[in-house]
Amino acid sequence: MCQYASDDGAPVDWHLVHMGRLAMGGAGISFVEESAVEARGRKTYRCSGLWKSEQVPAWRRVTDMIRSFGSVPAIQLGHSGRKGSCHGAMQDWAPLSAENTRPDEPPWPALAPSPIPDSPAHPLPHVMDRDDIDTVVAAFARSAVLSREAGFNLIEIHGAHGYLIHQFLSPLSNQREDGYGGCRNNRMRFTLEVAEAVRAVWPDDLPLWWRASCVDGLGGAWDLDDTVELALALKCRGIDMIDCSSGGISGNTAMPAVPRTPGYQVGFSDTIRRKAGIATCAVGEITEPKLAETILQQGQADVIALARELMLDANWPARAARQLGIETWWDVLPPAYAHRLERREQVRALYAERDDADMDEQDRLLIESS
Ligand SMILES: Cc1cc2nc3c(=O)[nH]c(=O)nc-3n(C[C@H](O)[C@H](O)[C@H](O)COP(=O)(O)O)c2cc1C
């Protein structure tokens, strides 16, 4: 989850606390936010990034901390494309303009496959030529190398939400007439080049995930059949998991909006898992442990991801384990927490069994230590 708190792309104390809450709460994998593979690929001044070695030590602090809690440190690498050079979510993504930019850093030209702005409020993006494409593909690979140096064990490439990779995929944002536009295979070319370049430098024994917008969004054009084809092509290039999201590019077609009901993207995950034969991650309004467990048990996804609910309750994994009847649910928390919670459970069980008057010496010692 983007925090808009980074300093020249590098994480700060806020990230240690924010990610620390998630890792301590028992998340199996702790994903840091989308991080730009080059400075032009940031959305805002304060987006995080990993495009130069000076950023590595700050990320290393974060990954060491995540690992110390028994969670896997993971990073999402991305490029905002035509959605770049703007203010953050809290200012509704207003484009940077001469009046409201940093004196030392003017708005930067956002990149795109075609001269189509993200919205009428955005300036015309710079259309990527062949050199730009090669530069960005190389930036993804370099960022993957830096991710390893920074101690990450898992990379997810952000191919969703209307950012650069998605902009190449959708015919609404890609109207190129060269080998990167036109038919679906051509529109997939940039995506597959990024996948190949990252897989070539990322260790074979470490997982590489892909976040996809399984459908464009309201009035969009890229649909679930397209994503199944994409997933098959990504699988051949060594992508291990499709993280099934949606939205980010809208137009005027009949494509409906994706409803935001519990588990609203699970159907995408289920279809891709079955039709492309690749592992999937389900995300989106999955807040009830029973729903999460059912999705896994029914084989609709291999992994469950949570975002907003963890801001409310970073200990959700422990709460879920307790609610689902895992006997030693406290073990997903760090030992200093787990120990005392276990004792509390033992004492509660004791009182449920007998009255104070019936306690023996051993019972009293346990109560005293709780
Ligand atoms: C504050 C915030 C920041 C987000 N940043 C990212 C991001 O960096 N990369 C990404 O793929 N999705 C991002 N998302 C989307 C979430 O990963 C997730 O797909 C979405 O919120 C739906 O899941 P949820 O219902 O569990 O929140 C963000 C969501 C929020 C609320």
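Just so it is clear, the model here is predicted, and its values are computed rather than measured. (Residues numbered from 1 in each chain as written. Predicted model: local features only at pLDDT ≥ 70, side-chain atom pairs only at ≥ 80, totals over all residues. Heavy atoms only, no water.)

1. Brief notes about the pattern of salt bridges
Next, step 1: According to the stated counting rule, one finds 23 salt bridges in the structure shown.
Next, step 2: Across the pair Glu345 and Arg348 runs a salt bridge whose closest N-O atoms are separated by 3.5 Å. Of this pair, Glu345 and Arg348 both sit in helix H12 (residues 335-353), separated by three residues, roughly a single helical turn.
Next, step 3: Judged by its relative accessible area of 21%, Glu345 is partly exposed.
Next, step 4: Through salt bridges that share partners, Arg42, Arg102 and Glu105 make up one connected network. (Salt bridge = Lys/Arg side-chain N within 4 Å of Asp/Glu carboxyl O. Helix = DSSP H or I, 4+ residues; strand = E, 2+ residues; numbered from the N terminus. Buried < 20%, exposed > 50% of the residue type's maximum accessible area, 1.4 Å probe, protein only.)

2. Quick look at the sheet that holds strand E2 (residues 72-78)
Next, step 1: Strand order across the open sheet formed by seven strands is E1-E2-E5-E6-E7-E8-E9, with parallel pairing between neighbours. Two strands in the sheet have a free side with no partner beyond their single neighbour: strand E1 (29-36) and strand E9 (303-305). Along the sheet, successive strands turn relative to each other by an average axial angle of 25°, direction set aside.
Next, step 2: In terms of strand pairing, strand E5 (residues 154-159) meets strand E6 (residues 208-213) through five bridges, oriented parallel. (Pairing = 2+ DSSP bridges. Axes fitted to C-alpha atoms, helices over the stretch in contact; angles between N-to-C directions.)

3. Looking at the packing of H12 against helix H13 (residues 361-368)
Next, step 1: Running from N to C, H12 and H13 point in directions that differ by 140°, and their axes come no closer than 9 Å. Relative to H13, the element H12 lies oblique. Relative to H13, the crossing made by H12 is left-handed. Residues Arg343, Gln346, Val347, Leu350 and Tyr351 of H12 form the contact with H13, whose own contacting residues are Asp363, Leu366 and Ile367.
Next, step 2: Of the residues in the contact of H12 with H13, the class split is five nonpolar, one polar and two charged. (Parallel < 35°, antiparallel > 145°, perpendicular 65-115°, else oblique. Left-handed = near helix turned anticlockwise from the far one by under 90°. Contact = heavy atoms within 4.5 Å. Nonpolar A, V, L, I, M, F, W, Y, C, P; charged D, E, K, R; others polar.)

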